[in-house]
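# Summary of structural features
This is what each chain is made of:
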Amino acid sequence: MAVNIQAIRGMHDVLTDQTPHWQYLERMIQDILQRYAYQEIRLPILEKTELFERSIGELTDIVSKEMYTFEDRNGDRLTLRPEATAGCVRAGLQHGLFNNSTPRLWYMGPMFRHERPQKGRLRQFHQIGVEAYGMAGPDIDAEIIMLSARIWAELGLKNIHLQINTLGTAESRRHYREVLIEYFQDNLDALDDDSRKRLERNPLRILDSKNADMQSLIAAAPGLDEYLDDESAHHFATLQQLLNASGLDFEINLRLVRGLDYYSKTVFEWVTDRLGAQGTVCAGGRYDGLIGHFGGKPSPAIGFAIGLERLLALVATENPEKDIINQPHVYFIIAGDKALPVALRLAEDLRNSLPSLRLLTHCGGGSFKSQFKKADKSGAELALIIGETELEKNTVGLKPLRQKAEQTEIPWQRLAEVLRQHLGL
Ligand code: ATP
Ligand code: MG
């Protein structure tokens, strides 16, 4: 019986024509993170379900309907992480990373959410995120926003815009919540089912609704700015000054929210109009209450996460001309059993002398003709050829594959130098 097993819907294979784009993006972002002296943390992909229920909260879309949760063989409830902030805080508390220390961390990897798959919305997607702990002031807010801005700049992206808002403290939001509940209650007919469910428990979240029919209602809702506490207002004003001083453009979006109590003060998103409905490429904010909520010594924190699939899609539309590496420089054609050990040794010698050389040695034998075909298909610029004739003379044939040119003969000891010149290594 033929089996026909396909990947799970919304979980994509990244094939070899795409991996170079991923590698480019990952290297470039990691390089920037290193230049800001952020340190990488690697976290498990599976965590106890409780971690997410307690950190993200039962009232959110993620916990109420998007998590991949199951019981393992011991009957423990486990969840494939839908995001990494919770795991990062868990790890920080478990290992005492926040004790007398203000770590600036980054992570990268797959996240899992059972959403309806569509463009820019997958069930396994990837994030690079940063989390900075123990710093309460707007300076660190400005830094991580500048860091994210540098990523877009160095990727050559222009159509990506910064929106910021402040959520104030949990106390100042309490009053606003009531005003908001009242406003939406007066307009109950205009609310969809989801929003009605959120009305009493999490009214701020209604502001985040993607339902087109509700946008005018949301736009006319009272803003949190009127209920802001002085300290948060000052924090927000200073952040704006710092961003202005660094020359960053931004827009204040009073509808930008996170629905949970331990989020506070700064929230921001980087959005683009080039990707259709899924236009948020990066989302971040302050979560000063979360560590305390987990029973740790209260400590401020701020972070962001970039959705890499969306970022890649944006790079592809805006700046496809990149230095993408997907081909060998050289394809080594090897004819005959006698030539094989010599060829493999020569190949190793070349890799020693030319560390940036991308050299593909032919394996599997076959005629010159069939090997030349493969060499051509590989995209290599040059073929090296060794058979009985070359072996006897201690030489290798060299043939350019991308322009018309004769095959020349190169003595072994000159090979590295000739390749270096040919390829500009
Ligand atoms: P959205 O409103 O688009 O559902 P979110 O608020 O759930 O996003 P966050 O939890 O803030 O998203 O995640 C940060 C970033 O991760 C998003 O801005 C987005 O770029 C990316 N992201 C989130 N969910 C998905 C997904 N299902 N598929 C692809 N990328 C995603
Ligand atoms: Mg979502």
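About the thresholds
Residues numbered from 1 in each chain as written. Chains lettered and ligands numbered in written order. Predicted model: local features only at pLDDT ≥ 70, side-chain atom pairs only at ≥ 80, totals over all residues. Heavy atoms only, no water. Pairing = 2+ DSSP bridges. Helix = DSSP H or I, 4+ residues; strand = E, 2+ residues; numbered from the N terminus. Axes fitted to C-alpha atoms, helices over the stretch in contact; angles between N-to-C directions. Buried < 20%, exposed > 50% of the residue type's maximum accessible area, 1.4 Å probe, protein only. Near = heavy atom within 4 Å. Polar contact = N/O pair within 3.5 Å; in protein donor to acceptor, adjacent residues only side chain to side chain. Areas by Shrake-Rupley, 256 points an atom, 1.4 Å probe, with all protein chains shown as cover. Nonpolar A, V, L, I, M, F, W, Y, C, P; charged D, E, K, R; others polar. Domains from an automatic or database assignment. Salt bridge = Lys/Arg side-chain N within 4 Å of Asp/Glu carboxyl O.

On to the sheet that holds strand β4 (residues 77-80). An order of β2-β4-β3 is seen for the three strands of this open sheet, with the pairing classed as antiparallel. Only two strands of the sheet have a single partner each, and these edge strands are β2 (46-48) and β3 (68-71). Adjacent strand axes in the sheet meet at a mean angle of 35°, parallel and antiparallel pairs treated alike. Alignment of β3 against β4, held across four bridges, turns out to be antiparallel. When the bridges of β4 are listed, Y68 appears paired with L80.

A few words on the pairing of strand β15 (residues 395-400). Regular strands place their side chains on alternate faces of the sheet. With five of six residues buried, β15 is to be regarded as a mostly interior element. As paired strands, strand β14 (residues 382-386) and β15 are joined by four bridges and run antiparallel to one another. The residue of β15 that forms the bridge with A383 is K399. Sheet topology note: the β15/strand β16 (residues 408-411) ladder contains four bridges and is antiparallel. From the neighbouring strand, L398 faces β16, where its bridge partner is T408.

Before going further, it helps to examine the sheet that holds strand β11 (residues 301-307). One open sheet holds the eight strands; their spatial order is β1-β5-β6-β11-β10-β9-β7-β8, and the pairing between them is mixed. The sheet is open, and its two edges are formed by β1 (39-40) and β8 (251-252), each paired on a single side. As paired elements, strand β9 (residues 264-271) and strand β10 (residues 280-286) share six bridges and run antiparallel to each other. Across the sheet, the residue bridging to F268 is G284, located in β10.

Looking now at the site of ligand 1. Near ligand 1, the surroundings consist of 14 residues, among which R113, E115, R121, K210 and T280 are the closest. Measuring from an oxygen atom of ligand 1, one finds a side-chain N or O atom of R113 at 2.8 Å. Contact with the protein chains covers 85% of the free accessible surface of ligand 1, which is 580 Å². Among the elements that make up the shell around ligand 1, the one with the highest residue count is β10 (three residues). For the shell around ligand 1, the residue count by class is five nonpolar, four polar and five charged.

Our next topic: unusual backbone geometry. It is generally the case that most residues other than glycine have a negative phi and that most peptide bonds are trans. Phi is positive for A37, which is not a glycine, with a value near 65°. The topology assignment puts A37 in the loop between α1 (19-35) and β1. Of note in this structure, N394 is not a glycine but carries a positive phi near 55°. If you trace the backbone, N394 turns up in the loop between α14 (388-393) and β15.

Before going further, it helps to examine the domain arrangement of the chain. Each domain of the chain was delimited in the assignment, giving domain 1 (19-169 + 229-318) and domain 2 (330-423). Taking only C-alpha atoms, the centre of domain 1 and the centre of domain 2 are 48 Å apart.

Quick look at the pattern of salt bridges now. Once the charged atoms of two side chains with opposite charge are near each other, the side chains can pair. Taken as a whole and judged by the stated rule, the model has 21 salt bridges. Among the salt bridges present, the one from R104 reaches E143, with a minimum N-O distance of 2.9 Å. Linking R104 in strand β5 (residues 104-112) with E143 in helix α5 (residues 138-154), this pair joins segments that are 39 residues apart in sequence. When its relative accessible area of 28% is taken as the criterion, R104 is described as partly exposed. A salt bridge links R402 to D376; the nearest nitrogen and oxygen atoms lie 3.3 Å apart. Separated by 26 residues along the polypeptide, R402 in the loop between β15 and β16 and D376 in helix α13 (residues 368-378) bring together distant segments of the chain. Owing to a relative accessible area of 41%, R402 belongs among the partly exposed residues under this scheme.

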